[in-house]
Amino acid sequence: MKISGAVALITGANGGIASHFIEQLLGLGVAKIYVCARSVTKLNPLLELDRDRIIPVELDVTNPQSVLTAASQCQDVNLLINNAGTSLNQGLIAASDIDSARNEMEVNYFGMLSMCRAFAPILKQNGGGTIVNILSLLGKVNLPFSGSYSASKAAAISMTQGVRAELAVQNTLVVAVMPGTVDTELAKEWPNPKVAPAEVASSALQAVIDGVEDVYPGEQAAQVSAQLLTDPKGVEKYMASFLPGMMLAGTNA
Ligand SMILES: NC(=O)c1ccc[n+]([C@@H]2O[C@H](COP(=O)([O-])OP(=O)(O)OC[C@H]3O[C@@H](n4cnc5c(N)ncnc54)[C@H](OP(=O)(O)O)[C@@H]3O)[C@@H](O)[C@H]2O)c1
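Residues numbered from 1 in each chain as written. Predicted model: local features only at pLDDT ≥ 70, side-chain atom pairs only at ≥ 80, totals over all residues. Heavy atoms only, no water.

By the naming in an unreviewed UniProt entry, the protein chain goes by Short-chain dehydrogenase and is assigned to Brunnivagina elsteri CCALA 953. Reading the Sequence similarities (unreviewed entry) entry of the UniProt record for the protein chain gives the comment "Belongs to the short-chain dehydrogenases/reductases (SDR) family." (UniProt positions renumbered as here; feature names shortened; annotations may be inferred.)

Following this line, the structure appears as structure tokens:
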């Protein structure tokens, strides 16, 4: 779809990747961007970019009422970017309880699903439009030091495929974005290599323009996703060598 003239909405707008999406969307000529965050005061620096086209919206994707209120306020959206996510860096067994696993599932899976459900009729009424789901390469393979994050992203990848199938009839493009490690706050303790957040945003927006469904931004994601096709067991075993409790390679190992 054409981004020039589109009306976009992005969740987790105060995050590291989101700020690049917002800058690039403005550069590509969007008519308006609803920038959504749990705390709108965190959005103040972003508003300076373009006070006419950037509209702040309070939104917690895990709160059904908050999602419904945002949907009722943003009826003209035709490009939904589900970017909000959390990673609590816990092992599946090493975690002291399962609260972090539930929390990641609430944000990364149920939160994203709630947004798709709330905005599907809006996209339909606006001609079909596009949903961009920010997923992760870690949904394709489990990284044990953040095993429950991987599981939540795996659920979200499957959900994205299902939503894509259901919304094909209304002409909605559903793009799955699966980067490897991105250089943001969320991954500050993760090992290198890390892709620049600007590259994640530009690859995702290019996919929207070109109508591409699955995107693996950066060299790490491109290589590992190709390797998963030829040697899935080898990739699993390699990832298994990063154990719970290991963060930056070579420091806490
Ligand atoms: N960084 C990576 O290595 C990496 C790799 C692959 C995929 N991703 C995905 O990329 C997306 C963006 O992450 P990032 O790297 O930019 O991290 P980030 O800077 O931590 O941004 C995450 C954003 O999500 C928001 N958020 C968390 N829970 C929320 C909720 N319940 N409702 C609404 N917003 C919520 C956060 O808001 P608060 O400030 O309120 O917490 C923050 O704005 C995430 O989905 C992440 O899983 C990241």
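Attention now goes to the sheet that holds strand β7 (residues 214–215). If you trace the 7 strands from one edge of the open sheet to the other, you get β3-β2-β1-β4-β5-β6-β7, paired in parallel fashion. Taken across any chain shown, the strands that pair with only one partner, and hence form the sheet edges, are β3 (54–58) and β7. Across 4 bridges, strand β1 (residues 7–10) lies against strand β2 (residues 32–37) in parallel orientation. When the sheet's bridge partners are listed, I10 is paired in β2 with V35. Against the sheet, helix α5 (residues 147–167) contacts β5 (130–134), β6 (173–177) and β7, and its axis sits at roughly 165° relative to β6. Helix-sheet contacts for helix α6 (residues 197–210) involve β4 (79–82), β5, β6 and β7, and the interaxial angle to β6 is about 155°. (Pairing = 2+ DSSP bridges. Helix = DSSP H or I, 4+ residues; strand = E, 2+ residues; numbered from the N terminus. Contact = heavy atoms within 4.5 Å. Axes fitted to C-alpha atoms, helices over the stretch in contact; angles between N-to-C directions.)

Looking now at the pattern of salt bridges. When their charged atoms lie close together, side chains carrying opposite charge are able to pair. For the structure shown, the criterion picks out 7 salt bridges. The partner of R53 in a salt bridge is D50, with the nearest N and O atoms 2.8 Å apart. Given a relative accessible area of 22%, R53 falls into the partly exposed group. The salt bridge involving E236 is made with K233; its shortest N-O contact spans 3.1 Å. Of the two residues, E236 and K233 are both situated in helix α8 (residues 232–240); the distance of 3 residues between them amounts to about one turn of the helix. (Salt bridge = Lys/Arg side-chain N within 4 Å of Asp/Glu carboxyl O. Buried < 20%, exposed > 50% of the residue type's maximum accessible area, 1.4 Å probe, protein only.)

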